[in-house]
Amino acid sequence: MRTMKLWRLAIIMLAAFSLVSCSNDDDDKLNINLLAGKWKRVYDEGVVSEGYVYYIFTPGETPDRGDCDILSSDVFGGDFFNERAYMLTENGHRLCIFKKTFGGNPEAQYYDILRLTRNHLTLRITDSDILLNFEKAK
């Protein structure tokens, strides 16, 4: 009788351990469809911005590639509009923004996507500590 209870307890513990140790690979994937739209850069409390920056993501044929237009306005520098393209890599966790046309600085910029929800986007410039926070523009 006692042996039966021990076996039952062992089986229950084994089953519980198996359920806890299972992982779902889908948990690691971001919903890249949430990236589409207009995002306004927001700054940490106490940081004064002398203008604004918008990233406008327009998916192409697939949501992991498309256009990323960057609109910025600075009190001292004026208004700028940069036409770029984007591509998601690293299972949707890395964002590459690059120039669509020839001329100018062709260097691609890489960002790690740390957070992507319906209303918030946090990017970290790859291999740095610089964070860019965005809110979905209305």
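Since this is a predicted model, take the numbers as computed values, not measurements.

Quick notes on the rules
- Residues numbered from 1 in each chain as written.
- Predicted model: local features only at pLDDT ≥ 70, side-chain atom pairs only at ≥ 80, totals over all residues.
- Heavy atoms only, no water.
- Core = buried A, V, L, I, M, F, W, Y, C linked by side-chain atoms within 4.5 Å.
- Buried < 20%, exposed > 50% of the residue type's maximum accessible area, 1.4 Å probe, protein only.
- Helix = DSSP H or I, 4+ residues; strand = E, 2+ residues; numbered from the N terminus.
- Contact = heavy atoms within 4.5 Å.
- Pairing = 2+ DSSP bridges.
- Phe/Tyr/Trp six-rings, centres within 6.5 Å; stacked < 30°, edge-to-face > 60°.
- Lys NZ or Arg CZ within 6 Å of the ring centre and 35° of its normal.
- pLDDT = per-residue confidence, 0-100.
- Salt bridge = Lys/Arg side-chain N within 4 Å of Asp/Glu carboxyl O.

As for the nonpolar core
Phase 1 of the analysis: Core analysis: the largest hydrophobic core is formed by 19 residues, its most contacted members being L35, Y55, F57, L95 and L121.
Phase 2 of the analysis: Counting only elements with at least two residues in this core, the list comes to β2 (51-59), β3 (65-74), β4 (78-89), β5 (94-99), β6 (109-116), β7 (120-125) and β8 (131-136).
Phase 3 of the analysis: Not counting chain neighbours up to four residues away, the residues in contact with F57 comprise L35, A36, G37, W39, D67, C68, Y86, L95, I97 and L121.

Considering the pairing of strand β1 (residues 37-42)
Phase 1 of the analysis: Across 4 bridges, the pairing between β1 and β2 is antiparallel. Each bridged residue has a counterpart across the sheet, and for W39 the counterpart in β2 is Y55.
Phase 2 of the analysis: Bridging between β1 and β8 involves 4 bridges; their strand directions are antiparallel. When the sheet's bridge partners are listed, V42 is paired in β8 with N133.

A word on the packing of aromatic side chains
Phase 1 of the analysis: Under the defined criterion, the tally for this structure stands at 4 aromatic pairs.
Phase 2 of the analysis: Ring geometry for Y55 and F57: centres 6.3 Å apart, planes at 40 degrees, overall tilted. For the pair formed by Y55 and F57, the shared burial category is buried.
Phase 3 of the analysis: Between the NZ or CZ atom of K38 and the centre of the ring of Y54, over which it lies, the distance is 4.4 Å.

Quick notes on the confidence of the model for the protein
Phase 1 of the analysis: Mean pLDDT over the protein: 81, with 72% of residues reaching 70 or higher.
Phase 2 of the analysis: When the criterion is pLDDT under 50, residues 18-26 qualifies, and its contacts beyond four places in sequence or with other chains add up to 0 contacts.

Here's the deal with the pattern of salt bridges
Phase 1 of the analysis: Applying the stated criterion across every chain yields a total of 2 salt bridges.
Phase 2 of the analysis: Of the charged contacts, one joins D112 and R94 as a salt bridge, the two residues approaching to 2.9 Å between their closest N and O atoms. Of this pair, D112 sits in strand β6 while R94 sits in strand β5, and the two are 18 residues apart along the sequence.
Phase 3 of the analysis: For D112, the salt bridge is made with R124, and the minimal N-O distance between the two is 3.2 Å. In this pair, D112 is assigned in strand β6 and R124 in strand β7, connecting sequence segments 12 residues apart.
Phase 4 of the analysis: Relative accessible area serves as the criterion here: at 11%, D112 is assigned to the buried category.

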